[in-house]
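Understanding the architecture of this molecule
Chain residues, written in single-letter form:
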Amino acid sequence: MHKVWLYAPGENASKWDVCLSQNIMCIGWDEMGNLLEYASKKEMAARLQEIYDKPEASFKNDSLALWEFAHEMQAGDIVIVKKGQNQIIGRGIVEGDYAFDESFPDFKNVRKMQWTNAGEWENIGKNVQKTLTDITKYPDYVESLEKLFEDKSQKQYWWLVASPKIWSFSKAPVGKIQDYTLYNDSGNQRRIFQNFIDAREGDIVIGYEATPVKQVVAIAEIVKAADGQKIYFKKTESLLNPIDYSVIKDIPELSGMEFLKNKNGSFFKLTKDEYNVLADLIRDENPITVN
């Protein structure tokens, strides 16, 4: 039976972006070195007393977290990510064994992860304070946390840019599932990487073709969330009457659009209000006809 863990990626989730981008989970206590070199939790606690010069402190919680991270966590275990006392920000599945990775500047104790969810959810109860907690023995609590990730009713809205020199949104067939990589040809993360992580199945996408077209040409839908390498979408409609960029940039309600503030990138967040303005504009020029 796989275990379920509640995990804090650094103080105030300071390491969450690193975890997402590197597909890892990581904990601190780097001064401990390779955790596999310790024979017991008691030995870990003794070393912590030396490191922090606190011979009277028990370090019970710290040594337990370190021991469980290195020895008891297994591939297939579920990890739920917390921030502060009431916020849940992610969920994932353990993929790899423990390693002490000195290529990282800090938080060198790591495990490979497949992150399945990233976002912000309010936890009904208060999160425990420890860095790592085995919550498997609290099935009702686990169930309440897992339910946070089941609600797909709240759609999100996105603006996806296609460069006509590489691929054409207008010529892409309606209904065909396409993918879009999270990394560019050099292997670097695409700009606003978090947007790719946050996109969920069912989200709506406005399809825009960049220079020289500079028009909204299609509507699409996310059909599969990011799998660590790509997101997947399908075009649901080609616009017979595309919407020019020159029209969009002059609409006051759209002045705060992520895309308009900085066009470097390819996948931009739209607020619900921004989407509604764009949808009304699209429908004015492309009314739906009912036979």
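Details of the structure are given in the entry above.
So, here's what we can say about the structure.

Rules used throughout
- All residue numbers refer to positions counted from 1 along the written sequence of the respective chain.
- Totals for whole chains, interfaces and linings use all residues, but because this is a predicted model, local features are given only for residues with pLDDT of at least 70 and pairs of side-chain atoms are given and counted only at 80 or more.
- Only hydrogens and water are removed before side-chain values are computed, so all heavy atoms of the structure are retained for them.
- What counts as a helix is a DSSP run of H or I of at least four residues, what counts as a strand is a run of E of at least two, and both are numbered from the N terminus.
- Relative accessible area decides the class of each residue, using a 1.4 Å probe on protein chains only: under 20% of the type maximum gives buried, over 50% gives exposed, and in between gives partly exposed.
- Contacts were defined at the residue level, with two residues in contact if any of their heavy atoms lie within 4.5 Å.
- All accessible areas in this document rest on Shrake-Rupley with a 1.4 Å probe, and a residue is counted as covered only by the protein chains that are shown.
- In this count, Lys and Arg are taken as positive residues and Asp and Glu as negative ones, while His and the chain termini are left out.
- By convention, the point assigned to a charge is CZ for Arg, NZ for Lys, CD for Glu and CG for Asp.
- For this analysis, a salt bridge means a side-chain nitrogen from Lys or Arg found within 4 Å of a carboxyl oxygen belonging to Asp or Glu.
- Between N or O atoms, a polar contact is any pair within 3.5 Å; within protein, one atom must be a potential hydrogen donor and the other a potential acceptor, and residues adjacent in sequence are included only when both atoms are from side chains.
- Here, axes are lines fitted to C-alpha atoms. For helices the fit covers the stretch in contact, and angles between N-to-C directions go from 0 to 180 degrees.
- When an angle is under 35 degrees it counts as roughly parallel; over 145 it counts as roughly antiparallel; between 65 and 115 it counts as roughly perpendicular; any other value is oblique.
- In a left-handed crossing the near helix is turned counterclockwise from the far helix by less than a right angle, and in a right-handed crossing that turn is clockwise.
- Gly is placed with the polar residues, together with every amino acid not listed as nonpolar (Ala, Val, Leu, Ile, Met, Phe, Trp, Tyr, Cys and Pro) or charged (Asp, Glu, Lys and Arg).
- By convention in this document, the label disulfide applies to cysteine sulfur atom pairs within 2.5 Å.
- Think of the arc as the fan of directions from the helix axis to the C-beta atoms.
- Under the pairing criterion, centres of Phe, Tyr and Trp rings, with the six-membered ring standing for Trp, must be within 6.5 Å; the plane angle then separates stacked pairs below 30 degrees from edge-to-face pairs above 60, leaving the rest tilted.
- The pairing criterion for strands is at least two bridges between them, as found by DSSP.

1. Here we look at the overall build of the chain
- What the chain contains, in helices and strands, is eight helices and 13 strands.
- Each principal axis of the C-alpha distribution contributes one length, and for the chain these read about 75 × 40 × 35 Å.
- A buried classification covers 46% of the 291 residues belonging to the chain.
- Contacts in the chain between residues at least 24 apart in sequence constitute 65% of all its contacts with a sequence separation of at least 6.
- About 15400 Å² of surface is accessible on the chain, with carbon and sulfur atoms providing 48% of the total.
- Treating the 36 positive side-chain charges of the chain as one cloud and the 44 negative ones as another, the clouds have centres 2 Å apart.

2. Comments concerning the side chain of Arg-111
- Along the polypeptide, Arg-111 turns up in strand E6 (residues 109-122).
- Of the buried charged residues, Arg-111 lacks a salt bridge, with Asp-97 as the closest side chain of opposite charge at 4.7 Å.
- A distance of 3.4 Å separates a polar atom in the side chain of Arg-111 from the backbone oxygen of Ala-70.
- Those residues in contact with Arg-111 that lie beyond four places of it in its chain are Asn-23, Ile-24, Met-25, Phe-69, Ala-70, Met-73, Val-94, Gly-96, Asp-97 and Tyr-98.

3. Concerning the packing of helix H2 (residues 41-51) against helix H3 (residues 60-72)
- Direction vectors running N to C along H2 and H3 enclose 125 degrees, while the axes themselves pass 9 Å from each other. When the axis of H2 is compared with that of H3, the two are oblique. Once H2 is placed against H3, the crossing between them reads as right-handed. For the pair H2 and H3, the contacting residues are Lys-41, Met-44, Ala-45 and Leu-48 in the first and Asp-62, Ser-63, Leu-64, Leu-66 and Trp-67 in the second.
- Among the residues forming the contact of H2 with H3, the class breakdown is six nonpolar, one polar and two charged.

4. Considering the state of the cysteines
- Inspection of the entire model under this criterion finds zero disulfides.
- Its sulfur unpaired, Cys-26 is 3.8 Å from the next cysteine sulfur, which belongs to Cys-19.

5. Some words on helix H4 (residues 139-148)
- Of all the positions in H4, only Val-142, Leu-145, Glu-146 and Leu-148 are classed as buried. Considered in projection along H4, the buried side chains sweep an arc of 145 degrees and stay on one side of the axis. Pointing more than 90 degrees away from the buried face of H4 are the exposed residues Pro-139 and Asp-140.
- Packing partners of the buried residues in H4 comprise strand E1 (4-7), strand E3 (78-83), strand E4 (87-94) and E6.

6. What to know about the pattern of salt bridges
- Under the counting rule described, the total for this entry stands at nine salt bridges.
- Of the charged contacts in the structure, one is a salt bridge between Glu-237 and Arg-283, with a shortest N-O distance of 2.6 Å. One end of the pair, Glu-237, is in strand E12 (residues 230-244); the other, Arg-283, is in helix H8 (residues 272-285), with 46 residues separating them in the sequence.
- Relative accessible area serves as the criterion here: at 21%, Glu-237 is assigned to the partly exposed category.

7. Details of the packing of aromatic side chains
- In the structure shown here, the tally under the stated rule is 18 aromatic pairs.
- With a centroid separation of 4.9 Å and 15 degrees between ring planes, the pair formed by Trp-158 and Phe-267 is classed as stacked. One end of the pair, Trp-158, is in strand E8 (residues 157-162); the other, Phe-267, is in strand E13 (residues 267-270), and 109 residues separate them in sequence. Like Phe-267, Trp-158 is buried.

8. Looking at the environment of Asp-179
- Structurally, Asp-179 can be placed in strand E9 (residues 177-181).
- When the C-alpha atoms of Asp-179 and Lys-230 are compared, they prove to be 6.1 Å apart, with 51 residues separating the residues in sequence.
- The residues touching Asp-179, leaving out its near neighbours within four places in the chain, are Lys-230, Ile-231, Tyr-232 and Phe-233.

9. Notes on the pairing of E6
- The pairing of strand E2 (residues 24-27) with E6 spans four bridges and is antiparallel. Bridging from a neighbouring strand, Ile-27 pairs with Asn-109 of E6.
- Where E4 meets E6, seven bridges bridge the pair, whose relative direction is antiparallel. For Gly-90, the partnering residue across the bridge sits in E6 and is Ala-118.

10. A short note on the side chain of Lys-15
- Within the secondary structure, Lys-15 sits in the loop between E1 and helix H1 (16-22).
- Accessibility expressed as a relative area gives 16% for Lys-15, which makes it buried.
- Those residues in contact with Lys-15 that lie beyond four places of it in its chain are Pro-9, Cys-26, Asp-106 and Phe-107.

Limitation: the analysis is restricted to geometry and does not speak to function.
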